[in-house]
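The residues making up each chain are set out below.
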Amino acid sequence: MSQLITAVDVIRAKRDGQPLSKEQIEWIIDAYTQGEVGDEQFAALNMAIFLNGMDRREIVDWTKAMIASGITMDFSGLSKVTTDKHSTGGVGDKISLPLGPLVASFGVAVPMLSGRGLGHTGGTLDKLEAIKGFNVDVSDKKMLEILEGPGVIIAAAGGELAPADKKIYALRDITATVDCVPLIASSIMSKKIAAGASSLVLDVKVGSGAFMKDLAAARELVGTMVDLGNDAGVTTRALITDMNTPLGLKIGNALEIEETLEILAGGGPRDVVELTCAFAREMLEMSGIPDADVERALADGRAMDRWRDMVRAQGGDPDAPLHKAPHTQDVTADRDGYVAQLDALALGVGSWRLGAGRARKEDPVQATAGITIHAPLGAQVKKGQKILTMHTETPERFSSALESILPGITISAEKPAERTLIHDRIA
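Residues numbered from 1 in each chain as written. Predicted model: local features only at pLDDT ≥ 70, side-chain atom pairs only at ≥ 80, totals over all residues. Heavy atoms only, no water.

Undergrad: Honestly, the overall build of the protein in this entry has me stumped. Any pointers?
TA: Check the secondary structure of the protein and you find 16 helices and 13 strands. The C-alpha radius of gyration of the protein comes to 22 Å, within 12% of the 22 Å expected for a compact globule of 427 residues. Seen along its three principal axes, the alpha-carbon backbone of the protein occupies a region of about 70 × 45 × 35 Å. The buried share among the 427 residues of the protein stands at 55%. Pairs at least 24 residues apart make up 79% of the contacts formed inside the protein by residues separated by at least 6 positions. By element, 50% of the accessible surface of the protein is carried by carbon and sulfur atoms, the whole surface being about 17,400 Å². On the protein, the mean spot of the 45 positive side-chain charges and the mean spot of the 58 negative ones are 3 Å from each other. (Helix = DSSP H or I, 4+ residues; strand = E, 2+ residues; numbered from the N terminus. Rg over C-alpha atoms; globule rule 2.2 N^0.38 Å. Buried < 20%, exposed > 50% of the residue type's maximum accessible area, 1.4 Å probe, protein only. Contact = heavy atoms within 4.5 Å. Areas by Shrake-Rupley, 256 points an atom, 1.4 Å probe, with all protein chains shown as cover. Lys, Arg positive; Asp, Glu negative; His and termini not counted. Charge placed at Lys NZ, Arg CZ, Asp CG, Glu CD.)

Undergrad: What is the right way to look at unusual backbone geometry in this model?
TA: The general pattern is negative phi for most residues beyond glycine and trans for most peptide bonds. One non-glycine residue, Ala162, lies in positive phi territory at about 45°. If you trace the backbone, Ala162 turns up in the loop between strand 3 (152-156) and helix 8 (163-173). Given a relative accessible area of 1%, Ala162 falls into the buried group. With a phi angle near 60°, Asp291 is a residue other than glycine that sits in the positive phi range. Considering the arrangement of structural elements, one finds Asp291 in the loop between helix 12 (270-286) and helix 13 (294-299).

Undergrad: Explain the side chain of Asp203 to me, please; I cannot follow it from the model alone.
TA: Inspection of the secondary structure puts Asp203 in strand 4 (residues 199-206). At 2.8 Å, the side chain of Asp203 forms a polar contact with the side chain of Lys205. Separated by 2.6 Å, the side chains of Asp203 and Thr241 make a polar contact. If we skip the residues at most four places from it in the chain, Asp203 touches Lys85, His86, Ser87, Thr88, Asp93, Leu239, Thr241 and Phe279. (Polar contact = N/O pair within 3.5 Å; in protein donor to acceptor, adjacent residues only side chain to side chain.)

Undergrad: Where do I start with the pairing of strand 12 (residues 409-412) in this structure?
TA: In regular strands, side chains alternate between the two faces of the sheet. In strand 12, alternate side chains face the same way, and those of Ile409 and Ile411 are buried while those of Thr410 and Ser412 on the opposite face are not. Summarising the sheet, strand 8 (residues 337-342) and strand 12 pair through 4 bridges and their orientation is antiparallel. Each bridged residue has a counterpart across the sheet, and for Gln341 the counterpart in strand 12 is Thr410. (Pairing = 2+ DSSP bridges.)

Undergrad: Can you walk me through the side chain of Ser114 in this structure?
TA: Following the sequence through the fold, Ser114 ends up in strand 2 (residues 110-114). Residue Ser114 is classed as buried on the basis of its relative accessible area, which comes to 19%. Among all residues touching Ser114, those that are not within four sequence positions of it are Thr124, Leu125, Ile154, Ala155, Ala156 and Ala157.

Undergrad: When you look at the sheet that holds strand 8 in this model, what are you seeing that I'm missing?
TA: Pairing between the strands of a sheet comes from backbone hydrogen bonds, and it takes one of two forms, parallel or antiparallel. In space, the 3 strands of this open sheet follow the order 10-8-12, with antiparallel pairing throughout. The open sheet is flanked by strand 10 (380-381) and strand 12, the only strands paired with a single partner.

Undergrad: Quick question: what am I supposed to make of the nonpolar core here?
TA: Soluble, globular proteins show a tendency: their nonpolar side chains are buried together. Counting residues in each nonpolar core, the largest one holds 73 residues, and the members touching the most others are Leu128, Trp307, Leu347, Leu388 and Met390. The dominant element in this core, judged by the number of residues it contributes, is helix 12, at 9 residues. The contact partners of Leu347, leaving out residues within four places of it in the chain, are Val91, Pro246, Ile251, Leu342, Ile371, Ile373, Leu388 and Ile405. Core analysis: the next-biggest nonpolar cluster, separate from the first, contains 63 residues, Ile5, Leu45, Ile67 and Ile193 among them. (Core = buried A, V, L, I, M, F, W, Y, C linked by side-chain atoms within 4.5 Å.)

Undergrad: What's the story with the packing of helix 5 (residues 96-104) against helix 12 in this structure? I'm lost.
TA: Any two packed helices are characterised by how steeply their axes cross, that is the angle between the axes, and by the distance between the axes. Two elements in contact, helix 5 and helix 12, have axes whose closest approach is 9 Å; the angle formed by their N-to-C orientations is 40°. When the interaxial angle is binned, helix 5 and helix 12 end up oblique. For the pair helix 5 and helix 12, the sense of crossing is right-handed. In this structure, helix 5 uses Pro98, Leu99, Leu102 and Val103 to contact helix 12, whose residues at the interface are Thr276, Phe279, Ala280, Met283 and Leu284. (Axes fitted to C-alpha atoms, helices over the stretch in contact; angles between N-to-C directions. Parallel < 35°, antiparallel > 145°, perpendicular 65-115°, else oblique. Left-handed = near helix turned anticlockwise from the far one by under 90°.)

Undergrad: Help me understand the environment of Pro98, please; the structure alone is not making it clear to me.
TA: Position of Pro98 relative to the elements: it lies in helix 5. Between the C-alpha atom of Pro98 and that of Lys142, which follows or precedes it by 44 residues, the distance is 21 Å. Those residues in contact with Pro98 that lie beyond four places of it in its chain are Thr260, Ile263, Leu264 and Thr276.

Undergrad: Got a minute to help me understand the sheet that holds strand 6 (residues 250-251) in this structure?
TA: If you trace the 4 strands from one edge of the open sheet to the other, you get 6-9-11-7, paired in antiparallel fashion. Edge positions in the open sheet fall to strand 6 and strand 7 (327-332), since each of these has one partner strand only. Summarising the sheet, strand 7 and strand 11 (residues 386-392) pair through 6 bridges and their orientation is antiparallel. Bridge pairing in strand 11 places Val331 opposite Leu388. Running over the sheet, helix 16 (residues 398-405) touches strand 7, strand 9 (370-373) and strand 11 and is turned about 140° from strand 11.

Given below as C-alpha cells:
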C-alpha cells in the first residue's frame, strides 16, 4: 500500500482534520527519516497536527513509528530489574544526579540516557562534564558492564535511538510547532521506550520556568505519556512538579554538581531532597521494592558510594575539585521584607546569559557559570542583604544577566504562601 501514499495526501488528510492511518504514519516518518520527504512538507504536516491534533490511536502509531526508525536497547540479559526517570526540564533541576545512585543503592539498575541544555533549562550531561574526566559517551557493551556493577549510568543517548525524533524535533524547533501535546508526548516517549527500561517515572514540570505553564495542559500531556508507556509495556507513572521558582539553591553546571554532593552527603536543600526521595520511592516500588527507606540510604552514605563508583566507571575523578568562576557579583535586597517571588524563568535566562547554557546545540557552555541563591522564596531579608550571587568567566555578561534576573525578584511586606512541590501523581 505504501506506493499509493504521498506526502501531499498525508498533509491534506491532517489539514482537513482527518485521522491518519497506521500505514500513512509509518510511511511518512520512514520517508522523512530517509530524506525522501522534504523539510517543507514535514513542516506542513507538523503544523496541521499542531492545529488539528491527533487521537490516541494516531499518537500510539506515531510513537511506534519513531521507535521503529532506530534501535531499541535490550537489558533483558541483566541480573537486575531496570528503571528510569525523565524530566521535562527546569531551572536548578538536578534531581536525576542524586536520584540515579540512590535508586541503584537498592540493587536496581538505572540506565539514564540524558541530554544537553538548550536555552534557560540546564542539561544533565553538561553538569556531569563539569567533573574532571567524566565521559558521557559510553558504548552499549560498557553500559551493560556498568549497570551490572555500580548499577547506574548517566550518558548520552546514541544517534541510533529514535533518529526520527531528532530530525522531527529540530524541524519543530524552527517552525513554532514545539508546543503540541501529541508531538511532545511522542517525542519524549519514543526515546524513553526505545531506551529499554522496564519502568519509567516522569517528572513533568509546570510553572514559569517550565515548558508547560498551565496545570491543566500538564495533566493532558502527562495522561498521554503515561498511556503511551503503559501501552508499550513500560510501567509508567508521573509526578507533576512545581517550576515557578528554581529547585535548590544553585543553578549552573559545576554549581549543581556541588549541590548534588551535598545531597548525597545527607544534606542539601529540602526541596531537592524531598523530590529526590519521592521519585526514588516511585522507581523502587515499580521495581518490586516497596517501602524502601530512601532517606536512610542518603544519610548513611550508600547513595554517595554508588555516585563515586559511577563517576569512576565513566572515567571521572570523584575527588577532583570542581572549578570556580573567577568573577562573581552579588544581587542584594532593595528593601526589608520577604522574598515573595524568585521567578524560575528569569533566573534561568540569567544563568544562561552568564554562560551556563547555550542558544544552539553546538554552542559551548561555561562549566563554572551560574547563580547561587542565598535567600530563597519565602526568606525574610533586610535591605542590602544578599539574595543571590552571579558567577561567570566573562564579567561583561553581568549586565545582560541582571536585565533578566532583577524583574524576577519581588520583595514584599507579606510572607508568600508555602510552595507546593508536587501538584499531582498520575499512574
